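Structure at a glance
For reference, the chains in residue letters:
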Amino acid sequence: MLDLNTRQDAQASTVVAKGEIDLESAPELLQKLTPLFKSGGAVRVDLAGVAYMDSTGVAVLVQALKLGQKSGAAFRLVSPSERVQAVLSLARLDQVFDIESEG
Amino acid sequence: MHREAYELTVPADPASLKEVRGHFRPILAPLAGDRVDDLLLAIDEACSNVIKHRRADPDGGPPDDLNLRVETDPSLRLVMRLPAFCAESDRAKVKPRDLDDVRPGGLGMHFIAEIMDCVSLDPDPNRPGMLMLTMEKALDPGRSAERPSGTGGTGDA
């Protein structure tokens, strides 16, 4: 199960994801992220509460990165969980994304 | 360790993936320790591949059900078999891709190849025209999995 909530402030829209991102749930994340790139501000996805992610989750993050490049909006990952970091590292994408930590 | 076999059959549907992971986690956790998440990822990627092949080819692709068999043996080797993984005609499409090309998709077989010691695709004896995926992993870090003769590494998987 994947729980998605969107927070907006003056600087950015942030989607807070909690749960598991797989072939079933990854399309929901993409659906949530895609319209945010039209707002013009930065787009962030908080992955601190993601206990599991597979390659379809990675694919959504890469799609979002591409959407950001196309629209000129910054795209950042926030506090990815250990599991998400491990999967990004396995995909050799840990250096590709802007990653910020939120204490 | 005794030889043990665990089998699960679920609908070839994305909604089954959580059930697959939930079923095998308690089985693999005592055997694999902190590598259990990686092994579950390999299983998930293999099952996702079947589901995607079935969606792409409902008539000639994998059947409605997804069957997964996990075996452990006394030499601490884990063998996972997924019959009807894909049609023989799709063999060339099932391979890890170039990671320098940053684009969505195509990472599943790369993950499997990175996590497992040995991956092979062989004709499924029960389903003509289909291939069976076999993945192996040595659970003891001091051992390396022996590759059965006639099976390749990940290059042809």
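Residues numbered from 1 in each chain as written. Chains lettered and ligands numbered in written order. Predicted model: local features only at pLDDT ≥ 70, side-chain atom pairs only at ≥ 80, totals over all residues.

Examining the packing of helix α1 (residues 17-32) of chain B against helix α2 (residues 36-56) of chain B
All names here are of chain B. Direction vectors running N to C along α1 and α2 enclose 145 degrees, while the axes themselves pass 9 Å from each other. As α1 packs across α2, the resulting crossing turns out to be right-handed. In contact with L17, V20, R21, F24, R25, L28, A29 and A32 of α1, α2 contributes V36, L39, L40, I43, D44, C47 and S48. (Axes fitted to C-alpha atoms, helices over the stretch in contact; angles between N-to-C directions. Helix = DSSP H or I, 4+ residues; strand = E, 2+ residues; numbered from the N terminus. Left-handed = near helix turned anticlockwise from the far one by under 90°. Contact = placed C-beta atoms within 7 Å.)

Describing the nonpolar core
Residue and element names in this part refer to chain B. In terms of nonpolar packing, the biggest core is built from 65 residues, with A42, I43, A46, C47, F85 and I112 touching the most fellow members. The element contributing the most residues to this core is α2, with nine residues. Look past the residues within four positions of I112 in its chain and what remains in contact with it is A42, E45, A46, V119 and M135. (Core = buried A, V, L, I, M, F, W, Y, C linked by C-beta atoms within 7 Å. Buried ≥ 20, exposed ≤ 12 C-beta atoms within 10 Å, placed from the backbone.)

Some points on the environment of B:Y6
All names here are of chain B. When you line up the elements, Y6 lands in strand β1 (residues 4-11). Residue classification places Y6 among the partly exposed residues on the basis of 14 C-beta atoms within 10 Å. Taking the C-alpha atoms as reference, Y6 lies 22 Å from P123; in sequence the two are 117 residues apart. When near neighbours in sequence (up to four residues on either side) are disregarded, Y6 contacts I27 and V70.

Points about the confidence of the model for chain B
Residue and element names in this part refer to chain B. Mean pLDDT over chain B stands at 82; residues scoring 70 or higher make up 87%. Counting contacts from residues 141-157, a segment whose pLDDT is below 50, to residues more than four positions away or on other chains yields 28 contacts. Of the two predicted TM-score estimates for the complex, the pTM is 0.88 and the ipTM is 0.93. (pLDDT = per-residue confidence, 0-100.)

Details of helix α3 (residues 82-90) of chain A
Residue and element names in this part refer to chain A. By the burial criterion, the buried members of α3 are V84, V87 and L88. End-on view of α3: buried residues confined to an arc of 100 degrees, all on one side of the axis. The exposed residues of α3 that point more than 90 degrees off its buried face are E82 and S89. Residues of α3 that are buried sit in contact with β3 (42-53) and α2 (55-71). (Arc of directions from axis to C-beta.)

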